[in-house]
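Observations on the three-dimensional arrangement
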Number of protein chains: 2
Amino acid sequence: MTTTKNISTTGTQFEGQPVGKKAYHHGDLRAALIEATRQLVESKGPDSFSVSDACRLAGVSTAAPYKHFKDKTEMLVAVVLEGMQRHRANMLAALEGIPEASPERITAIGMEYVAFALNEPGIFRLKFGGFTDRISDPRLEEGGQQSFGILLSEVAKCRGETGITEDVRRRGFLLWSFVHGLSFILHNQGLADKGGEFDLHDLLEDVSERMLS
Amino acid sequence: MTTTKNISTTGTQFEGQPVGKKAYHHGDLRAALIEATRQLVESKGPDSFSVSDACRLAGVSTAAPYKHFKDKTEMLVAVVLEGMQRHRANMLAALEGIPEASPERITAIGMEYVAFALNEPGIFRLKFGGFTDRISDPRLEEGGQQSFGILLSEVAKCRGETGITEDVRRRGFLLWSFVHGLSFILHNQGLADKGGEFDLHDLLEDVSERMLS
DNA sequence: AACATATGTTAGAAGTTCTCACTTTGACAA
DNA sequence: TTGTCAAAGTGAGAACTTCTAACATATGTT
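Residues numbered from 1 in each chain as written. Chains lettered and ligands numbered in written order. Predicted model: local features only at pLDDT ≥ 70, side-chain atom pairs only at ≥ 80, totals over all residues. Heavy atoms only, no water.

Considering the overall build of chain A
Counted only if it meets this: Put simply, DSSP H or I for four residues or longer makes a helix, DSSP E for two residues or longer makes a strand, and each gets a number counted from the N terminus. Here's how the labels work: a residue is buried when its accessible area is under 20% of the maximum for its type, exposed when over 50%, partly exposed in between, all with a 1.4 Å probe on protein chains only. Here, two residues are considered to be in contact whenever any of their heavy atoms come within 4.5 Å of each other.
A tally of helices and strands in chain A yields eight helices and zero strands. Overall, chain A shows an N-to-C arrangement of helices and strands of α-α-α-α-α-α-α-α. Relative to its 213 residues, chain A shows a buried fraction of 48%. Sequence-distant contacts, at least 24 apart, represent 66% of the contacts inside chain A between residues at least 6 apart.

Here it is as structure tokens:
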């Protein structure tokens with residue numbers, strides 16, 4: 001540690017902050033730590049993530065995070081919650097421009113679901129790989145319900161229903177199971193062996209139609 | 001640590017071992033550690049598993065495992081491999097007595113797959129939750145292929161094919177995705193919310209028929 | 001019986017999470 | 001403008017981890 005003067009590495013430096021001098025207070029350490037955690041989870045994998053690594057990346061002492069998070073778990077949960085929001089936003093965006101009540105909308109949701117698993121495997125694992133199993137956080141619960149709700153509403157429209165009937169829930173559940181499993185398999189195996197030979201869009205279209213008829 | 005004389009807690013004591021006196025050598029520490037690891041993974045969850053806990057449970061020093069396993073990861077892999085063998089055996093056993101070339105055989109495999117996820121959630125998570133992603137062990141690879149092979153062979157028979165055609169592989173892959181996703185969802189949520197309202201056997205039967213026709 | 005090998009043990013290095021007492025800073029009231 | 005307080009940093013260290021190194025003790029082969 002040779003530098004007492006130091007150029008900020010965060011990019012979130014406040015305007016009034018003199019450049020070339022390290023601020024004692026960070027500005028927005030919470031956000032910086034979440035971003036550092038996200039990066040590390042993606043690059044090293046959730047298992048290898050350590051709070052100390054995140055501190056090193058953010059350029060603060062190892063005690064600093066505990067002013068913003070209860071513990072390591074809460075840091076990871078924060079990253080998951082942020083990821084889920086992006087995931088939902090992506091799925092909604094994927095529906096833009098696709099005719100209402102068409103199975104293609106279901107396919108589009110599935111494509112986006114798989115894309116998230118492949119593009120952000122670290123967060124996907126944290127969210128669905130069991131890490132959250134023993135954590136009862138209403139925000140995690142609620143986020144999952146919302147995502148499922150998007151799918152259910154599309155299924156209802158495709159089936160010509162106005163509400164979420166039991167039949168809609170059942171078909172939605174089956175579709176969700178399939179897309180979830182497909183995502184996990186591709187996520188695990190990186191398209192290498194099983195499944196890699198098939199066109200993703202074809203598979204999703206196929207299943208959407210089978211499940212809606 | 002008050003006892004120098006100690007009754008073996010492992011149940012795998014050798015016959016010649018005088019009862020009431022702790023042996024310096026364990027007898028089969030490798031197996032005992034695998035069993036301890038399995039128990040802890042199921043009771044505390046894979047994330048909370050520590051080698052030291054396993055040592056305490058097996059009644060040996062924390063350095064002992066390293067005579068049998070390269071590191072912590074290798075201990076967990078050993079547990080996964082043993083679990084996969086049981087999983088395969090269960091699936092094959094579930095087929096007994098079910099008429100050949102009937103979709104009910106596919107359903108039976110699915111039921112067993114889900115049962116494993118619910119009965120041995122710790123191992124299920126280790127195997128499929130991403131832990132093995134960065135581990136390239138041919139035995140893990142091979143085990144997965146074998147399980148998938150069981151399904152493929154049943155699909156082929158149902159479709160009246162003699163070999164594993166592309167159509168068979170495609171249907172098998174779709175079925176597997178579904179069952180895998182279903183297992184994961186039920187595993188995560190313990191049947192609590194989504195999906196718990198439906199009869200498992202019905203769902204599997206439904207999907208098997210949709211995918212085979 | 002003796003020796004080589006396998007399989008234990010203790011001690012400890014390096015790294016982890018998290019707490020505690022302390023310091024610095026920004027904000028706001030007087 | 002200035003004094004004070006709360007928020008948000010710091011360093012030190014306790015308790016735990018994984019894993020290594022050096023040593024001790026059984027086992028089985030000759």
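Structural notes on the interface of chain A and chain B
As a reminder, the rule being used: We count a salt bridge whenever a side-chain nitrogen from Lys or Arg sits within 4 Å of a carboxyl oxygen from Asp or Glu. Side-chain atoms alone can form a polar contact between residues adjacent in sequence; in general such a contact is a pair of N or O atoms within 3.5 Å, and within protein one must be able to donate a hydrogen while the other accepts it. When residue character is reported, Ala, Val, Leu, Ile, Met, Phe, Trp, Tyr, Cys and Pro are called nonpolar, Asp, Glu, Lys and Arg charged, and the others, Gly included, polar.
At the interface, 46 residues of chain A touch 46 residues of chain B. On inspection of chain A and its partner chain B, the count reaches four salt bridges. Between Arg169 of chain B and Glu197 of chain A there is a salt bridge whose closest N-O contact spans 2.9 Å. One can count 13 residue pairs in polar contact (both at pLDDT 80 or more) joining chain A with chain B. When contributions to the side of chain A that touches chain B are tallied by element, the ones reaching two or more residues are α1 (29-44), α5 (121-128), α6 (138-158), α7 (166-189) and α8 (200-212) of chain A. Here the side of chain A that touches chain B takes 18 residues from α7 of chain A, the largest share from any one element. Tallied by class, the residues present in the side of chain A that touches chain B amount to 15 nonpolar, 14 polar and 17 charged.

Remarks on the packing of helix α4 (residues 103-119) of chain B against helix α8 (residues 200-212) of chain B
Residue and element names in this part refer to chain B. Put simply, the rule is: Helix axes are fitted to C-alpha atoms over the stretch in contact, other axes to C-alpha atoms as well, and angles between N-to-C directions run from 0 to 180 degrees. Under this scheme an angle from 65 to 115 degrees is roughly perpendicular, one under 35 degrees roughly parallel, and one over 145 degrees roughly antiparallel; angles in between are oblique. Here is the rule for handedness: rotate from the far helix to the near one, and if that takes an anticlockwise turn smaller than a right angle the crossing is left-handed, while a clockwise turn gives right-handed.
Put simply, α4 and α8 touch, their axes get as near as 9 Å, and they point 130 degrees apart. The angle between α4 and α8 falls in the class oblique. You can see that α4 and α8 cross each other, and the crossing is right-handed. In this structure, α4 uses Pro103, Glu104, Ile106, Thr107, Gly110, Met111 and Val114 to contact α8, whose residues at the interface are Leu200, His201, Leu204, Glu205, Ser208 and Leu212. When the residues that make up the contact of α4 with α8 are grouped by side-chain class, the tally is seven nonpolar, four polar and two charged.

A few points about the packing of aromatic side chains
Convention followed: Pairing of aromatic rings covers Phe, Tyr and Trp, the last through its six-membered ring, and needs centres within 6.5 Å; plane angles under 30 degrees mean stacked, over 60 mean edge-to-face, and all others mean tilted.
Across all of its chains, the model carries 12 aromatic pairs over all chains by this definition. Taken together, the aromatic side chains of Tyr113, Phe124, Phe128 and Phe184 of chain A together with Tyr113, Phe124, Phe128 and Phe184 of chain B make up a single cluster linked through ring pairs.

Some details on unusual backbone geometry
If a residue is not glycine, its phi is most likely negative; likewise, a peptide bond is most likely trans. Residue and element names in this part refer to chain A. Phi is positive for Ala101, which is not a glycine, with a value near 60 degrees. As for its placement among the helices and strands, Ala101 is situated in the loop between α3 (72-95) and α4 (103-119). The exposure class of Ala101 is partly exposed, given its relative accessible area of 39%.

Description of the pattern of salt bridges
Within the structure shown, the criterion is met by 32 salt bridges over all chains. Asp167 of chain A is the partner of Arg171 of chain A in a salt bridge, and the nearest nitrogen-oxygen pair spans 2.9 Å. In this pair, Arg171 of chain A and Asp167 of chain A both sit in helix α7, four residues apart, roughly one turn of the helix. Arg171 of chain A sits in the buried class, given a relative accessible area of 10%. Given a relative accessible area of 29%, Asp167 of chain A falls into the partly exposed group. For the salt bridge of Arg159 of chain B with Asp167 of chain B, the shortest nitrogen-to-oxygen distance reads 3.6 Å. What emerges from the salt-bridge pattern is a single network uniting Glu100, Arg105, Glu154 and Lys157 of chain A.

Observations regarding the relation of the copies chain A and chain B
Both copies of the chain are related by one operation, a rotation about an axis with a shift along it. Which entries qualify depends on this criterion: A residue counts toward the fit only if its pLDDT is at least 70 in both copies, and the copies are then superposed by least squares on the C-alpha atoms of those residues.
Superposition record for chain A on chain B: RMSD 0.0 Å, screw rotation 180 degrees, translation along axis 0.0 Å. In symmetry terms, the pair is related by a two-fold rotation axis. Take the interface residues of chain A: 100% of them recur as interface residues in chain B, which is what a same-surface contact looks like.

Things to note about the confidence of the model for chain A
Note the following rule: Here pLDDT means the predictor's own confidence in every residue, given as a number from 0 to 100.
Residues at a pLDDT of 70 or more form 87% of chain A, whose mean pLDDT is 88. Low pLDDT, under 50, characterises residues 1-21 of chain A; the predicted model gives this stretch 13 contacts beyond four residues in sequence or across chains.

Quick notes on the side chain of His180 of chain B
With respect to the helices, strands and loops of the structure, His180 of chain B is situated in helix α7 (residues 166-189). The buried category is assigned to His180 of chain B, whose relative accessible area is 1%. The residues contacting His180 of chain B, other than those within four sequence positions of it, are Gly181, Phe184 and Ile185 of chain A together with Tyr113 and Phe128 of chain B.

Description of the nonpolar core
As a reminder of what qualifies: Side-chain atoms within 4.5 Å link the members of a nonpolar core, which is a set of buried Ala, Val, Leu, Ile, Met, Phe, Trp, Tyr and Cys residues.
Membership of the largest hydrophobic core comes to 118 residues, with the highest contact counts inside it found for Phe173 of chain A together with Phe173 of chain B. Sequence-distant contacts of Phe173 of chain A, defined by excluding residues within four places in its chain, comprise Phe148 of chain A together with Leu182, Ile185, Leu186, Lys194, Gly195, Phe198 and Leu203 of chain B.

Looking at α1 of chain A
Residue and element names in this part refer to chain A. Note the cut-off: By definition here, a helix of n residues has an expected span of 1.5 Å times n minus one.
When the terminal C-alpha atoms of α1 are compared, their 21 Å separation across 16 residues agrees well with the 22 Å that a helix rising 1.5 Å per residue should span. Along α1, the residues that are buried comprise Leu29, Ala32, Leu33, Ile34, Ala36, Thr37, Arg38, Leu40, Val41 and Glu42. Just downstream of α1 lies Gly45, where phi reads positive at about 95 degrees.

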